[in-house]
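# Structural overview for review
Next come the chains, spelled out residue by residue.
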Amino acid sequence: MVNHDCTCKDNPLVPQLCKVIKITQETPDVQTYRVQTLDGKRPFTPMPGQLGMFSLLGVGEAMFSVTAYGEDWIETSIKKTGMLTDAFHEMAEGQQIGVRGPYGNHFPVDPCKGKDLLFIGGGIGLAPVRSFIRYAFAHRADYGKIDILYGSRSPADLVFKEDLFDNWPKEPDTAVHVTVDRGDETWEGNVGMVPGYLEELAFQPVNRKVILCGPPIMIKFTLQSLLKMGFSKEDCITTLEMRMKCGIGKCGRCNIGSKFVCLDGPVFTMAELDELPDEM
Amino acid sequence: MQLKRENLIPALRLLAAQGEILVPTAVDEKVSKFAPWDGSSAPDLALVNTTLPPKDTLFPHQEGMYRYKTAGEPSLEEIVEAPARILFGVRPCDARSIDCMDKVFLGDKYEDAFYARRRANVTVIAHTCAQTGPTCFCDSMGLSPAEAPSADLLLSDTETGWLVTAQTEKGEAVAALWKDLTAEGGEAAPAPACTLKTNMSDALAGTLVSRFEDPIWDEVCHACLGCGTCTYLCPTCYCFDINHEDHGGEGTQFRCWDSCMFSDYTRMAGGHNPRPSKKERLRNRYLHKLAYFKERYGQILCVGCGRCVGHCPSHLDITAFIDKAAERFGEGK
Amino acid sequence: MSDIQSALRETAKKLLTEGTVTCVIGWGETRFPDKTTPIFVKTPEDAEKLVWNAHCVCGLAKYMLDNRCPEGKLAICVRGCDSRAVNRIVEDKQYKREDLYLIGLPCEGKDAPICATCTHRNPVVYDVLLGGPVPEIEVSQEDRFQAVTALEGLTPAEQYDYWQKQFSKCIHCYACRNACPACNCTECYADQYRVGWQGKQIDKAENQVYGLTRAFHVGDRCIECGECERVCPMGLPIMSQTRKILKDINDLWGNYECGLTDSRPHILGEFDLSDRDDFM
């Protein structure tokens, strides 16, 4: 049985009450929530890529990637896409929410040891990637050169700006490459889609793992570019999204073939995805 | 040991002290289900099969998970409910279905606490089939109408009553309780054969997954109306939804049966649906039953009870599908 | 009957051979002698699979909604009830009459209880009629509303108890809705869970909400095919609800039947200053 941190230690379906201690407005429609238990502790200790079930009592519950954690908090970033996420965006700091988890598998942090890492994020897809980026920096000696390639629709849609422009570029042997589909009068960085910029940057497919998350269309074309550049599908790692309710492989709906995304995922290599039915 | 027919009511009365007894019951002329024993009449053990399976005893159609308060100081309180119950007269197919649900809810990395608590307090007394119904096909799915290996206790028909075979500790306890009501002797009647047959095989299970894009899925889905009858009457369908009932400031989080045949089941918040039409949904249901579950848990998720065949509004028939696929893909037994 | 079955197969074969239609919806055999299933014939050879017998009970019109934007003409076998169902759907502007080819099949009643009170055994609309018209049976208004009248004879308390007991059996499978030709919304209110019109709870309140909403939504558009009641696995007397509404309309506005080619527009969907208001 897997360990989990919930209100009831023997019941993974009952959340613990936590409080939102900090809200960061990332973009007009993305917010990051820093959450801790009512007695000031970290709700649980996730591995990079793992999921948490976050609930607003009386409104609903949904699964989100846990994008970061600290000594006494975890963070998740939520984009407005419907009724529940709209309600999340109306929260104020101090509000209590339900949290259960962590769920699912995680990025292969051990098999990636000793390798160069190329993180690629598109839009809100940087959220799951961020957890591994932070982990890699926390275990800096375990990994080689780190490149972070991030693209969003416009400068206003860039998430984790503090990380992208202040924190991460200061890390040793690290390069951050940011691109937007359409610039504006103040934007001085690269303009163009992720796949094109990726090819321009000409990363070598030698001793390098790629961690890739973003909207399906971006994944599709970025993967084509990566394959063209000589990367293998085994070396390209991504996360999947499906509708989830229980988070523990019981309620049925997030299956792709015999795999449950909440339990066996969300992290898969592109080679593993090829083995699954095409139903995503 | 044999329990004579005239001793059934006394036996049930003894059992009633251990918990609520649920027996096959005709609710009205159209519907039957496992309902509390009335305490005096002999259960109708000839019902093949009850319209509703006994699964709701372990996995209620709707089940409270926790109560919450949002007004004032927010709070959560887990709902714990696990009444002592005895399922009496469960057919071999339904007994196997409980085995399937155990695999899901009691294992595979997490234990489901709601199910586990109920399960621990339920005793399953199975009853062999003296006769089968027109849509029964359990013997094509690796079961026998005369056996229910995962039941706590098995009652096998004899000419004058039932042979009593305890199969677990819980079963031993029941047998001990009945010790003064049972006697040596009696011979189990031969098992009847199902009249409906289908050509399911391990090889076909594997082939079906590899034929994910085959036109056969288009062909079989047409007549489907996309209702939830097959899934809700199925003894092994265990999918659920989690939802809440809010009364302003307080409420209850509950789970309830859900159906993979409904569009909302997989539709994501942004509107994308990986299984957008009845073709994808029916394909997923059939593959889950016949292949995916076996890949994951080692057995088929269809026990051949025939409820879906008997109650489908469009008369879709999973046995006809299996045989069509076996013939087309050359994977007969 | 076998003559008509031969004629049906010939007609289907001809329509498909000549390319008049791309598909013929009719009935085909199952493994059970007393059951048929809707089949979708797309090649002239498969026309041999069509059957016409006492067990052709499944309504067929609903299936045209599986493809609301057809590329070719669709042929449907229509009994009296199916023809009225087609009129229902065409009148509700969910399908164009010119995209349909209706194979009319006069019907002497099938293996379904509703057929005893059928007022239109001959199709009311068709492109070809196979076999001569059958004599209509005399169905008095008393016969038509017999089940309703019996319930009206109960005291309000008894009626409430009766419906409580019936509704308590509902399992929300939505077979009644999915089989109903009048239920032709592209998205049913009951499926809009996130809006919350219909709760998923299986309890007195939600079961009643569904039962009553369904009844009122289809009540004045019901073509009395009885599919809702036939398909209900829990044996709810659904037609008694719908026919109660039809009976009241009958009492208030005179004899009212839907799905006839010259039907009045659905009566609860229109407003007129001369409408009765003595109950207000």
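These figures come from a predicted structure and were not determined experimentally.

How each quantity is defined
- Along each chain, numbering runs from 1 in the same order as the chain's sequence is written.
- Think of it this way: whatever chain is written first is A, whatever ligand is written first is 1, and the rest follow in order.
- At least 70 in pLDDT is required for a residue's local features to be given in this predicted model, at least 80 for side-chain atom pairs to be given and counted, and no such filter applies to totals for whole chains, interfaces and linings, which use all residues.
- For side-chain calculations, the full set of non-hydrogen atoms in the structure is used, while hydrogens and water are omitted.
- Only runs of H or I of at least four residues qualify as helices and only runs of E of at least two qualify as strands under DSSP, and these elements are numbered from the N terminus.
- For a compact globule the rule gives 2.2 Å times the number of residues to the power 0.38, and the radius of gyration it is set against comes from C-alpha atoms.
- Burial classification: accessible surface area is computed with a 1.4 Å probe over protein chains only, and a residue below 20% of its type maximum counts as buried, one above 50% as exposed, and the rest as partly exposed.
- In what follows, residue pairs with any heavy atoms lying within 4.5 Å of each other are defined as contacts.
- Accessible surface is estimated by sampling points in the Shrake-Rupley manner with a 1.4 Å probe; for residues, cover comes only from the protein chains shown.
- Throughout this description, a polar contact denotes any pair of N or O atoms lying within 3.5 Å of each other; where both atoms belong to protein, one of them has to be capable of donating a hydrogen while the other can accept it, and for residues adjacent in sequence the pair is counted only when both atoms sit in side chains.
- Domain borders in the structure are assigned automatically or taken from a domain database.
- We define buried area as the total accessible area lost by two parts upon association, computed with a 1.4 Å probe and summed across both.
- Each reported salt bridge corresponds to a side-chain nitrogen of Lys or Arg within 4 Å of a carboxyl oxygen of Asp or Glu.
- Residues are sorted three ways: Asp, Glu, Lys and Arg are charged, Ala, Val, Leu, Ile, Met, Phe, Trp, Tyr, Cys and Pro are nonpolar, and all the rest, Gly among them, are polar.
- When DSSP finds two or more bridges between two strands, those strands count as paired.
- With axes taken as lines fitted to C-alpha atoms, and helix axes fitted only over the stretch in contact, angles between N-to-C directions fall between 0 and 180 degrees.
- By definition in this entry, angles of less than 35 degrees are roughly parallel, angles greater than 145 are roughly antiparallel, angles of 65 to 115 are roughly perpendicular, and the rest are oblique.
- Should the near helix be turned anticlockwise from the far one by less than a right angle, the crossing is left-handed, and should it be turned clockwise, the crossing is right-handed.
- Here the arc refers to the set of directions running from the helix axis out to each C-beta atom.
- Under the pairing criterion, centres of Phe, Tyr and Trp rings, with the six-membered ring standing for Trp, must be within 6.5 Å; the plane angle then separates stacked pairs below 30 degrees from edge-to-face pairs above 60, leaving the rest tilted.
- Only lysine NZ and arginine CZ atoms are considered, and such an atom sits over a ring when it is within 6 Å of the ring centre and within 35 degrees of the ring normal.

### Regarding the overall build of chain A
Across its full length, chain A carries 6 helices and 15 strands. The C-alpha radius of gyration computed for chain A amounts to 18 Å, which stays within 12% of the reference 19 Å derived for 280 residues, consistent with globular compactness. Dimensions along the principal axes, computed over C-alpha positions, put chain A at roughly 50 × 45 × 35 Å. For chain A, the residues scored as buried account for 61% of the 280 residues in total. Of the contacts made within chain A by residues no fewer than 6 positions apart, 67% connect residues no fewer than 24 positions apart. If you sum the accessible surface of chain A, you get close to 10,800 Å²; carbon and sulfur atoms cover 50% of it.

### Concerning the side chain of Ser83(C)
Residue and element names in this part refer to chain C. Residue placement: Ser-83 occurs in helix H2 (residues 80–91). Judged by its relative accessible area of 0%, Ser-83 falls in the buried class. At a separation of 2.9 Å, a polar atom in the side chain of Ser-83 contacts the main-chain amide nitrogen of Val-124. Residues within four places of Ser-83 in sequence aside, it is in contact with Val-78, Pro-123, Val-124, Val-125 and Gly-259.

### So, the domain arrangement of chain A
Residues and elements named next belong to chain A. For chain A, the domain assignment lists domain 1 (16–103) and domain 2 (116–239). Here the C-alpha centroids of domain 1 and domain 2 sit 24 Å apart. Together, the buried faces of domain 1 and domain 2 total about 1,200 Å²; carbon and sulfur atoms form 59% of this surface. If you sort the residues of domain 1 by the area they bury against domain 2, Glu-26, Pro-48 and Thr-67 come out on top, with a joint share of 39%. In this structure, the salt-bridge partner of Arg-130 is Glu-75, at a minimum N-O distance of 2.8 Å. Along the contact surface separating domain 1 from domain 2 lie 7 residue pairs in polar contact (both at pLDDT 80 or more). When contributions to the side of domain 1 that touches domain 2 are tallied by element, the ones reaching two or more residues are strand E1 (16–27), strand E2 (30–37), strand E4 (60–70) and strand E5 (73–79). Among the elements that line the side of domain 1 that touches domain 2, the one with the most residues is E4, at 5 residues.

### Here we look at the interface of chain B and chain A
At the interface, 51 residues of chain B touch 44 residues of chain A. Carbon and sulfur atoms supply 57% of the area that chain B and chain A bury against each other, a total of about 4,000 Å² over both sides. Together, Lys109(B), Tyr110(B) and Arg296(B) form the three largest contributors to the area buried by chain B at its contact with chain A, with a combined 19%. On inspection of chain B and its partner chain A, the count reaches 8 salt bridges. One salt bridge in this structure joins Asp264(B) and Arg243(A), with 3.2 Å as the shortest N-O distance. For the pair chain B and chain A, the number of links is 22 residue pairs in polar contact (both at pLDDT 80 or more). Among the elements of the structure, strand E4 (62–69), strand E5 (75–78), helix H2 (92–105), helix H3 (113–120), strand E11 (240–246), strand E12 (250–257) and helix H8 (278–297) of chain B are those that each provide at least two residues to the side of chain B that touches chain A. With 7 residues, the single largest contributor to the side of chain B that touches chain A is H8(B). Here the side of chain B that touches chain A is composed, by residue class, of 22 nonpolar, 9 polar and 20 charged.

### Considering the sheet that holds E5(A)
All names here are of chain A. Strand order in this closed barrel of 6 strands is E1-E2-E5-E4-E3-E6, and the pairing throughout is antiparallel. Strand-to-strand twist across the sheet, computed as the mean angle between neighbouring axes with direction ignored, equals 45°. Along the sheet, helix H2 (residues 126–138) contacts E4 and E5; its crossing angle with E4, the most-contacted strand, is approximately 25°.

### Things to note about the interface of chain C and chain B
Many descriptions give the size of an interface as the accessible area lost when the pieces come together. Contacts between the two partners involve 34 residues from chain C, matched on the other side by 46 residues from chain B. Taking both sides of the interface into account, the surface hidden between chain C and chain B amounts to around 3,200 Å²; carbon and sulfur atoms contribute 54%. Looking at the side of chain C facing chain B, the largest losses of area belong to Arg31(C), Arg194(C) and Lys200(C), adding up to 20% of the total buried there. Linking chain C with chain B are 6 salt bridges, by the criterion used here. The salt bridge partner of Asp28(B) is Lys169(C), with a shortest N-O separation of 2.4 Å. Our count for the chain C to chain B interface comes out at 21 residue pairs in polar contact (both at pLDDT 80 or more). Along the lines of polarity and charge, the residues of the side of chain C that touches chain B split into 16 nonpolar, 7 polar and 11 charged.

### Quick word on the packing of helix H7 (residues 204–218) of chain C against helix H9 (residues 238–253) of chain C
All names here are of chain C. Running from N to C, H7 and H9 cross one another at 45°; their axes reach a closest spacing of 9 Å. As judged from the angle between their axes, H7 and H9 are oblique. When you trace H7 past H9, the crossing you get is right-handed. Residues Gly-211, Arg-214, Ala-215, Phe-216 and Val-218 of H7 pack against Ile-238, Gln-241, Thr-242 and Ile-245 of H9. Partitioned by chemical class, the residues of the contact of H7 with H9 number 5 nonpolar, 3 polar and 1 charged.

### Description of helix H1 (residues 8–16) of chain B
All names here are of chain B. Taken together, the buried positions of H1 are occupied by Leu-8, Ile-9, Ala-11, Leu-12 and Leu-15. Viewed end-on, H1 has its buried residues packed into an arc of 160°, placing them on one side of the element. Of the surrounding elements, those touching the buried residues of H1 are strand E1 (2–4), strand E2 (20–26), strand E6 (85–90), strand E7 (122–127), strand E9 (161–166) and helix H4 (169–177).

### With respect to helix H4 (residues 194–201) of chain A
Residues and elements named next belong to chain A. When we look at burial in H4, the residues that qualify are Val-194, Pro-195, Tyr-197 and Leu-198. Taken down its axis, H4 places every buried residue within 165° of arc, on the same side. On the buried face of H4, the contacting elements are strand E7 (116–122), strand E8 (146–152), strand E9 (174–180), strand E10 (190–191) and helix H5 (216–228). Just past H4, the residue Ala-202 takes up positive phi, approximately 50°.

### As for the domain arrangement of chain B
Residues and elements named next belong to chain B. One can read the domain layout of chain B as domain 1 (2–183) and domain 2 (202–329). A separation of 24 Å is found between the C-alpha centroids of domain 1 and domain 2. Between domain 1 and domain 2, the residue contacts involve 42 residues of the former and 42 residues of the latter. Of the roughly 3,600 Å² buried between domain 1 and domain 2, counting both surfaces, carbon and sulfur atoms make up 61%. Of all residues in domain 1, Lys-55, Tyr-68 and Phe-137 give up the largest surface area on contact with domain 2, accounting jointly for 18% of the area buried on that side. Where domain 1 meets domain 2, there are 4 salt bridges. Across the pair Glu-63 and Arg-255 runs a salt bridge, and its minimum N-O distance is 2.9 Å.

### Here we look at the packing of aromatic side chains
Here the structure, examined in full by the defined rule, presents 26 aromatic pairs over all chains. Both rings, one in Phe64(A) and one in Phe88(A), keep their centres 6.0 Å apart while their planes meet at 85°; by these two values the pair is edge-to-face. Taken together, the residues span a long stretch of sequence, with Phe64(A) in strand E4 and Phe88(A) in helix H1 (residues 83–89) at a distance of 24 residues. Like Phe64(A), the residue Phe88(A) is buried in the burial classification. Through a chain of ring-to-ring contacts, the aromatic side chains of Phe59(B), Phe105(B), Tyr115(B), Tyr232(B), Tyr238(B), Phe240(B), Trp257(B), Phe262(B), Phe293(B), Tyr297(B), Tyr174(C) and Tyr210(C) assemble into a single cluster. Positioned over the ring face of Phe32(C) is Lys35(C), at 5.3 Å from the centre of the ring. Sitting over the ring of Tyr174(C), Arg177(C) keeps its end group 4.4 Å from the ring centre.

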